[in-house]
Amino acid sequence: MKIQWRLRMAAAQREVWTGTELRRLLAEKAGLELSSASVSALFTKEPAQVKMTTLAALCTALECTPNDLIEVDTTPVERPIAPPRPVADLPQAASARGRSMPPL
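This write-up is about the structure you can find in this document. Just so it is clear, the structure is predicted and the values come from calculations on it, not from any experiment.

## Quick look at the overall build of the protein
Looking only at helices and strands, one finds 5 helices and 2 strands in the protein. Tracing the protein from N to C terminus, the helices and strands come up as β-α-α-α-α-α-β. Sorting the 104 residues of the protein into buried and exposed places 20% on the buried side. Sequence-distant contacts in the protein: of pairs separated by 6 or more residues, those separated by 24 or more amount to 64%. Of the roughly 8600 Å² of accessible surface on the protein, 56% is carried by carbon and sulfur atoms.

This is the structure in structure tokens:
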């Protein structure tokens, strides 16, 4: 599975070119005050996690959906086929003298 953060593209499609513009929109339209550093990090890096409130505020400010901000490739990962495991030699039911094995 591959996840791609598309905030910069979504913002550009709505003619929001800088972190300052995005920060102003977040405050005006969504009521979310983020630091300049936080907005810059969202704009320039792929975050490891995003709070749902931040995602909702970004969608409100940019008038978009989460699908516009996050692209998820759900193509199954192909795994190599494991070779069959060799079957261990099974103990024989009786020894050479005709006796059975003791219980385990």
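## Notes on helix 4 (residues 52-62)
For helix 4, every residue scored as buried is listed here: Thr54, Leu55, Ala57, Leu58, Cys59, Ala61 and Leu62. Backbone geometry just downstream of helix 4 places Glu63 in the positive-phi region, at approximately 50°.

## Let's talk about the side chain of Thr54
Residue placement: Thr54 occurs in helix 4. Thr54 sits in the buried class, given a relative accessible area of 13%. Setting aside residues up to four positions removed in sequence, Thr54 forms contacts with Leu32, Leu34 and Leu42.

## Concerning the nonpolar core
Judged by nonpolar contacts, the single largest core of 20 residues is most densely connected at Leu7, Leu22, Leu26, Leu58, Leu62 and Leu69. Going through the elements one at a time, helix 1 (7-13), helix 2 (19-30), helix 3 (36-44) and helix 4 are the ones with two or more residues in this core. Counting residues per element, this core draws most heavily on helix 4, at 6 residues. With residues up to four places along the chain from it excluded, the contact list for Leu26 reads Gly31, Leu32, Leu34, Val39, Ala57, Leu58 and Ala61.

Rules behind the numbers
- Residues numbered from 1 in each chain as written.
- Predicted model: local features only at pLDDT ≥ 70, side-chain atom pairs only at ≥ 80, totals over all residues.
- Heavy atoms only, no water.
- Helix = DSSP H or I, 4+ residues; strand = E, 2+ residues; numbered from the N terminus.
- Buried < 20%, exposed > 50% of the residue type's maximum accessible area, 1.4 Å probe, protein only.
- Contact = heavy atoms within 4.5 Å.
- Areas by Shrake-Rupley, 256 points an atom, 1.4 Å probe, with all protein chains shown as cover.
- Core = buried A, V, L, I, M, F, W, Y, C linked by side-chain atoms within 4.5 Å.

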